Amino acid sequence: MTNHWVDFKNSDIILIMGSNPASNHPVSWKWIQNAVDNRGAKIICVDPRFTQSASKAHLYAPLRSGTDIAFLGGMIKYILDNKLYFEEYVKNYTNASFLVNPDLKMPGENNGVFSGLTDGKYDKGTWSYQTGPDGVIKKDKSLSDPNCVFQLLIKHYSRYTPELVTKITGTPTDKLLEVYKLYASTGKPDKAGVELYAMGWTQHTVGTQNIRTMCMIQLLLGNMGIAGGGVAAMRGEGNVQGSTDHGLLFHIWPGYLSTPTASLASLKIYNEKQTPTTKEKDSLNWWKNKPKYVASFLRSMYGKDMALEDAYAMMPKVDDGVNYSWLTIFDQMYKGKFTGFFAWGMNPACSGAHSNKVRQAMTKVDWVVNVNLFDNETGSFWRGPGMDPTKIKTEVFMLPCASSIEKEGSIANSGRLQQWRYKAVEPVGDSLPDGDIMSEILFKVQDLYKKHDGPHKEALTQLTWPYGKKAGKHFHYDPRKVAAEINGFFLEDKKIENPTKKGEFREFKKGDLVPTFAWLQDDGSTSSGCWVYCGSVTPDKGILPMRRGQADPTGLGLFSEWCWSWPVNRRIIYNGASVDPSGKPWDPSRAVITWNGEKWVGDVPDGVGDPGKGRPPFIMKPDGVASLYGPGLADGPFPEHYEPLECPVEKNLMSPQKNNPAIKRFDKKGVGSDLDVYSGVGSCDPRFPFICSTYRVSEHWQTGVLTRWCPWLAEMQPGMFVEMSLELAKAKGIASGDKCVVSSARGEVECSAIVTPRFKPFIINGDKDNPIHEVGIPWHFGWITTKDREYNPGDKKAEVFTHGDAANLLVPTIGDANTMIPESKAFMVNVVKKGGR
Amino acid sequence: MNVSRRGFLKLSGTVAAVSGLGINLAPTAAHARELKIKYAKETTTVCPYCSVGCSIIVSVRDGKVINTEGDPDSPINRGALCSKGGSIYQMAENVNRLGKPLYRAPFATEWKEVEWEWAFDKIAENVKKSRDASFKKTNAKGELVNRTEGIASVGSAAMDLEECFTYQKFLRGLGLVYIEHQARI
């Protein structure tokens, strides 16, 4: 989230698209409703289904799953055609004026793809900017040059007419225009609009571009950086913001530092190649500091006695251009690549796309370690449906961990707010905190390597771990010590010039906490486990995420003394764009930051220099401005509509290119596995005629790995259902409550039918005689808490049983071109009454 | 008397019917409410479910959670909770929580309870074996990669921040590159 939950109260228009906060982030509705009640805000909901959020919206528009870019591209056209954009913001704070290489070809003139495509990969040579002899990007501040970003934007989206958008999305044109008009009304300095998305946007083969299209709209309307604005990525887990910040992904180290690739043979080369540079004279280019964060991170891994270059060499490297992400892991696991597998605090047997493949994959490894609170479909995969344990070689360890109220530590919510949790009770039975468990395993492995030989063993034996002590039987992990390590220390006495005040020096002693990341060093004299969290622990006030201050001097709900937000306790990022180039707030009634004559007050300022100094505020971009044009992406500098891989239409009505050309195609020969089967890819498949989307209900969380075991919640939502329209139910002879089988090319699940008018058939391409149906299924269920499975003596048995298995059994192995997040929100299924056809 | 929750609801129904006959039970009910968290120690936590980050007050007496409720001091939820957040009492007080490490041997048809020490030793041996067998000093191009290719990890956003930092440290120390979690799905 660029802003934070309470900030919804400052919005005039709240667009809910790609999410359903009323069901899935219920308490967020407190602030949405606050905006409605106190400032007359309007809620717009765009969704294939009339959700709980839709029922509270002032305006609802349906759209077919997977057509968001067509819908939003139409909005960009509407904003541009009617000159509703915030011109001063666009000119000064975006790359609208940048001149692009005249050789760039766009989809409208190039068969639906950008120039440079060969074999599913783009050569981005023609996507570049024009530069002068000094290397500075050429610009046209009048925005009239035919090769400037603004003119290219007009040209690209001129194809997204309301008529064509309606044909693609199935949204009635009058609804479309109503949404466009209402949301575009926020393009004025004194109006604020926010967009709320979640997995409804990410889980598509065009997921990144869905979100980018909205970011572009927010930039055109001047909604980034202001109170009541922004793009709200509403995350699905209590700490998935924090776990991402801390680099539990193949491609990043903590603090969004790119994982080194094999070609970057030394730290010196890594720093040279991976540190962004700019020729724009006013741009701060914050990432120029990257070497400081990398050095400080390496110190937090191997301490001060190992040379930085040696610490860099210790770290594992990925091969250039190779993807090691989720779908690849299970594809490789199924093909026998791994002998060991940790599924720690996760239940991939239900959460992984194409769960049958995931479950089969686990039969191919020698050992699995699963850490969880309850028995689950992953730890017990070897005795699941269709498995014969006597033929499965896998050794499995299911380790019981403490729950969140049985240990202490912090988590970061969607608003980047780090909040501390305290231990209330002892862990259940012999269960242990995750920190204790990982420490014990590490120590045992280190002991083995100290006693016996093994390759590159120093990488393990020299890892520092000053995070607690042995007391009684086990190591007791101390999260407060880790919090300090994440913040970072000075590792030697050091006198440093204040990075924000030339000529002023400050002396630090070895062991001092580093005050903020601006003080981190690239010479190995500082450590910091995750630079964006530097500043969260202080010598005088301790761990700031423990704070409970109630002050809110701006009245905007920033609550700057309640816990702590990264970075540097800033509550609204990009807030430097909330003031005009002379430093005056665009909207004085909602001023996030204000210049008091000497300094900025309000929120912690972001990017902005002293008023009128001309520094562009998007300092994390090398050029200092936000990207309407995004040449860094894998699948195009502007978002373009492509159909989901499995889809109900023969042709992409926008262009001859049906699917995103840059996705990794697991359906191509030699790429996926025998289990990777699909329907409706090249051409429609009558066996699976309906679109299916997965979603959540309030009463369960993720795979239900915790909530299915809680009887109150299991009683309220006891099992799999399939939601469908009255029209489809009638055609299929299905009534509410009937047992149905929902099947895809990959598997099937049993569901109870819920027949409602919340789904309506879509009229696509104006074809009223052949409406397209969409159905929806929740994904929280799994076989472990069902009644009819086999129980061994001593097995845990849910107090309230649930019925049905995982929705992900149906989902294909296919992911977004940039992130490889699976396409769970649009794939093809059939629905029949159980026992029927 | 051992009263299940459903049974309690039935009993409450009977009480209501009795009070309908003219016996006023209101003072008893008020007294019971007051007692609920008396002598309890309160700590605060944050809901483990969605990412709104609602604060919750946990009341503990005699080492047992006796009540959980929304924390009115939190500027985010101001005491409100949804159905999931309102149920975290059941996450802690739940007979189905795993209390012992479980082990399933190759080709076995059931779990066996084991001691932590035994499990840690065996896991460590497995890790070393897999790592030693799959460790690559260099890749096909001869570039230095120092990685363990035979072990993968998924998880976890369900851990605390501090644990996420140390977990990635543990994994990268082992040489893993196949590191993923909930953020990717």
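The model shown is predicted, which means the values in this text are computed figures rather than measured ones.

K.L.:
Any chance you could explain the overall build of chain B here in plain terms?
P.N.:
What chain B contains, in helices and strands, is 5 helices and 9 strands. From first element to last, N terminus to C terminus, chain B shows the α and β order α-α-β-β-β-α-β-β-α-β-β-β-α-β. Burial analysis of chain B (185 residues in total) assigns 54% to the buried set. Accessible surface computed for chain B: about 8000 Å², of which carbon and sulfur atoms make up 57%.

K.L.:
Sorry if this is basic, but what is going on with the overall build of chain A here?
P.N.:
Secondary structure assignment for chain A yields 22 helices and 29 strands. Its C-alpha radius of gyration of 27 Å places chain A within 12% of the 28 Å reference for a compact globule of 837 residues. Based on the C-alpha atoms only, the size of chain A along its principal axes is roughly 80 × 70 × 55 Å. Out of the 837 residues in chain A, the part that is buried amounts to 66%. Of all intrachain contacts in chain A linking residues separated by at least 6 positions in sequence, the fraction that spans at least 24 positions is 70%. The average position of the 98 basic charges and that of the 92 acidic charges among the side chains of chain A differ by 1 Å.

K.L.:
How do you make sense of the sheet that holds strand S1 (residues 13–17) of chain A when you look at a structure like this?
P.N.:
Each strand in a sheet pairs with another by means of backbone hydrogen bonds, the pair being arranged parallel or else antiparallel. Residue and element names in this part refer to chain A. Within the open sheet, the 5 strands sit side by side as S3-S2-S1-S6-S7. Their pairing is parallel. Taken across any chain shown, the strands that pair with only one partner, and hence form the sheet edges, are strand S3 (59–61) and strand S7 (231–233). When the angles between neighbouring strand axes are averaged without regard to direction, this sheet yields 15°. Examined bridge by bridge, strand S2 (residues 42–46) and S3 share 3 bridges and lie parallel to one another. Bridging across to S3, valine 46 finds its partner in alanine 61. Docked against the sheet, helix H8 (residues 173–184) engages S1, S2, S3 and strand S6 (193–197), running at close to 130° with respect to S3.

K.L.:
Quick question: what am I supposed to make of H8 of chain A here?
P.N.:
Helical geometry: 3.6 residues make up each α-helical turn, so side chains three or four residues apart lie on a common side. Residues and elements named next belong to chain A. Between the first and last C-alpha of H8 there are 16 Å, a value that for 12 residues agrees with the 16 Å anticipated at 1.5 Å per step. Turning to H8, its buried residues are Leu176, Val179, Tyr180, Tyr183 and Ala184. Summarising the axial view, the buried residues of H8 lie within an arc of 115°, below the 170-degree limit, and thus occupy one face. Exposed and facing more than 90 degrees away from the buried side of H8 are Asp174 and Lys181.

K.L.:
Explanation requested: the packing of helix H7 (residues 162–169) of chain A against H8 of chain A in the structure shown.
P.N.:
The description of two packed helices rests on the angle between their axes and on the distance between the axes. All names here are of chain A. Contact pair H7 / H8: the axes reach a minimum separation of 9 Å and the direction vectors enclose 115°. Classified by the interaxial angle, the pair formed by H7 and H8 is roughly perpendicular. In this structure, H7 crosses over H8, and the sense of that crossing is right-handed. Facing H7, whose interface residues are Pro162, Val165 and Thr166, H8 presents Thr173, Leu176, Leu177 and Tyr180. Residues of the contact of H7 with H8, tallied by class, amount to 5 nonpolar, 2 polar and no charged.

K.L.:
When you look at the interface of chain B and chain A in this model, what are you seeing that I'm missing?
P.N.:
In many reports, interface size means the accessible area that the parts give up when they come together. The interface of chain B with chain A comprises 119 residues on the first partner and 174 residues on the second. Across the chain B to chain A interface the summed buried area is about 12900 Å²; carbon plus sulfur atoms make up 62%. Per-residue buried area on chain B facing chain A is highest for Arg97, Arg184 and Ile185 of chain B; these three make up 7% of the total on that side. Across the contact surface, chain B and chain A share 12 salt bridges. Residues aspartate 430 of chain A and lysine 100 of chain B are paired through a salt bridge, measuring 3.3 Å at the closest nitrogen-oxygen approach. Remark: the boundary between chain B and chain A carries 86 residue pairs in polar contact (both at pLDDT 80 or more). Take the side of chain B that touches chain A: its biggest share by element is 16 residues, from helix H4 (residues 116–134) of chain B. When its residues are assigned to classes, the side of chain B that touches chain A shows 58 nonpolar, 31 polar and 30 charged. Across 3 bridges, the pairing between strand S12 (residues 395–400) of chain A and strand S4 (residues 102–104) of chain B is antiparallel. Within S4 of chain B, the residue paired with phenylalanine 397 of chain A across the bridge is tyrosine 103 of chain B.

K.L.:
What is the right way to look at the packing of helix H4 (residues 68–81) of chain A against H7 of chain A in this model?
P.N.:
All names here are of chain A. Look at H4 against H7: their axes get within 9 Å of each other, and the N-to-C directions meet at 165°. One way to sum up the angle between H4 and H7 is to call them roughly antiparallel. In terms of crossing hand, the pair formed by H4 and H7 is left-handed. Within the contact between the two elements, H4 uses Ala70, Phe71 and Gly74 and H7 uses Val165, Ile168 and Thr169.

K.L.:
I keep staring at the packing of aromatic side chains and nothing clicks. Help me out?
P.N.:
Each aromatic ring pair is described using two quantities: the centre-to-centre distance and the angle formed by the ring planes. Residue and element names in this part refer to chain A. Tallied over the full model, the rule gives 55 aromatic pairs over all chains. Centroid distance tyrosine 93 to tryptophan 586: 6.1 Å. Interplanar angle 70°. Geometry classified as edge-to-face. Here tyrosine 93 is found in helix H5 (residues 87–93), whereas its partner tryptophan 586 is found in the loop between strand S21 (564–565) and strand S22 (593–595), with 493 residues between them in sequence. As far as the burial class goes, tyrosine 93 and tryptophan 586 line up, both buried.

K.L.:
How should I be thinking about the pairing of strand S7 (residues 144–148) of chain B in this particular structure?
P.N.:
Looking along a regular strand, one sees side chains alternate from face to face of the sheet. Counting buried residues along S7 of chain B, 4 of its 5 residues qualify, which places the element largely inside the surrounding structure. Connecting the antiparallel pair strand S6 (residues 135–138) of chain B and S7 of chain B is a turn made up of 5 residues, with glycine 142 of chain B showing a positive phi of about 85°.

K.L.:
Can you help me understand the nonpolar core in this one?
P.N.:
Within soluble globular proteins, side chains that are nonpolar tend to cluster in buried spots. Residues and elements named next belong to chain A. Within the largest apolar cluster, 145 residues are counted, with the highest numbers of intra-cluster contacts made by Leu220, Phe341, Phe638 and Met724. In terms of residues, this core owes the most to one element, H4, which gives 9 residues. Among all residues touching leucine 220, those that are not within four sequence positions of it are Ile76, Ile79, Leu80, Tyr85, Phe86, Val90, Phe150, Leu153 and Leu628. Ranked by size, the runner-up nonpolar core spans 103 residues in total, among them Leu248, Ile405, Val482 and Val532.

K.L.:
Would you mind going over the side chain of arginine 746 of chain A with me for this structure?
P.N.:
With respect to the secondary-structure elements, arginine 746 of chain A resides in the loop between strand S26 (739–744) and strand S27 (747–755). A distance of 3.4 Å separates a polar atom in the side chain of arginine 746 of chain A from the backbone oxygen of valine 811 of chain A.

K.L.:
I'm lost on the pairing of strand S8 (residues 151–154) of chain B in this one. Help?
P.N.:
Neither face of S8 of chain B is left uncovered, since the one carrying Ile151 and Ser153 of chain B and the one carrying Ala152 and Val154 of chain B both have all their residues buried. Alignment of strand S10 (residues 340–344) of chain A against S8 of chain B, held across 4 bridges, turns out to be parallel. From the neighbouring strand, phenylalanine 342 of chain A faces S8 of chain B, where its bridge partner is serine 153 of chain B. One ladder, built from 2 bridges, connects S8 of chain B with strand S9 (residues 179–180) of chain B; its direction is parallel. In the strand pairing of S9 of chain B, serine 153 of chain B is matched with isoleucine 179 of chain B. Crossover handedness for the path S8 of chain B to helix H5 (residues 161–174) of chain B to S9 of chain B: right-handed.

K.L.:
Looking at this model, I keep getting lost on the state of the cysteines. Mind explaining?
P.N.:
Put plainly, a disulfide is one covalent bond tying together the sulfur atoms of two cysteines. One pass over the full model with this rule turns up 0 disulfides over all chains. Considering cysteine sulfurs only, cysteine 530 of chain A is the nearest to cysteine 534 of chain A, which forms no disulfide, with 9.9 Å between them. Among the residues examined, cysteine 534 of chain A registers a relative accessible area of 0% and is labelled buried. Cysteine 54 of chain B provides the cysteine sulfur closest to cysteine 50 of chain B, a residue in no disulfide bond, and the two sulfurs are 6.3 Å apart. Residue cysteine 50 of chain B is classed as buried on the basis of its relative accessible area, which comes to 14%.

K.L.:
Explain the environment of glycine 155 of chain B here, please?
P.N.:
With respect to the helices, strands and loops of the structure, glycine 155 of chain B is situated in the loop between S8 and H5. Distance from glycine 155 of chain B to proline 101 of chain B, taken between C-alpha atoms, is 19 Å for residues 54 residues apart in sequence.

K.L.:
How do you make sense of the environment of serine 266 of chain A when you look at a structure like this?
P.N.:
Residues and elements named next belong to chain A. Its location among the elements puts serine 266 in the loop between strand S9 (257–258) and helix H12 (267–274). For serine 266, a relative accessible area of 17% gives the class buried. Distance in space between the C-alpha atoms of serine 266 and leucine 308 is 9.8 Å, their sequence separation being 42 residues. Those residues in contact with serine 266 that lie beyond four places of it in its chain are Glu309 and Tyr312.

K.L.:
What exactly am I supposed to notice about the sheet that holds strand S13 (residues 409–412) of chain A here?
P.N.:
Within the open sheet, the 3 strands sit side by side as S13-S14-S21 (chain A). Their pairing is antiparallel. The sheet is open, and its two edges are formed by S13 and S21 of chain A, each paired on a single side. Bridge count for S13 of chain A against strand S14 (residues 417–421) of chain A is 4 bridges, and the pairing is antiparallel. The partner of serine 410 of chain A across the bridge, within S14 of chain A, is tryptophan 420 of chain A. Each of S13 and S14 of chain A touches H5 of chain B; the most contacted strand, S13 of chain A, lies at about 90° to it.

Rules of the game
Residues numbered from 1 in each chain as written. Chains lettered and ligands numbered in written order. Predicted model: local features only at pLDDT ≥ 70, side-chain atom pairs only at ≥ 80, totals over all residues. Heavy atoms only, no water. Helix = DSSP H or I, 4+ residues; strand = E, 2+ residues; numbered from the N terminus. Buried < 20%, exposed > 50% of the residue type's maximum accessible area, 1.4 Å probe, protein only. Areas by Shrake-Rupley, 256 points an atom, 1.4 Å probe, with all protein chains shown as cover. Rg over C-alpha atoms; globule rule 2.2 N^0.38 Å. Contact = heavy atoms within 4.5 Å. Lys, Arg positive; Asp, Glu negative; His and termini not counted. Charge placed at Lys NZ, Arg CZ, Asp CG, Glu CD. Pairing = 2+ DSSP bridges. Axes fitted to C-alpha atoms, helices over the stretch in contact; angles between N-to-C directions. Expected span 1.5 Å × (residues − 1). Arc of directions from axis to C-beta. Parallel < 35°, antiparallel > 145°, perpendicular 65-115°, else oblique. Left-handed = near helix turned anticlockwise from the far one by under 90°. Nonpolar A, V, L, I, M, F, W, Y, C, P; charged D, E, K, R; others polar. Buried area = accessible area lost by both parts, 1.4 Å probe. Salt bridge = Lys/Arg side-chain N within 4 Å of Asp/Glu carboxyl O. Polar contact = N/O pair within 3.5 Å; in protein donor to acceptor, adjacent residues only side chain to side chain. Phe/Tyr/Trp six-rings, centres within 6.5 Å; stacked < 30°, edge-to-face > 60°. Core = buried A, V, L, I, M, F, W, Y, C linked by side-chain atoms within 4.5 Å. Right-handed = clockwise from strand over helix to strand, strands pointing away. Disulfide = S-S within 2.5 Å.

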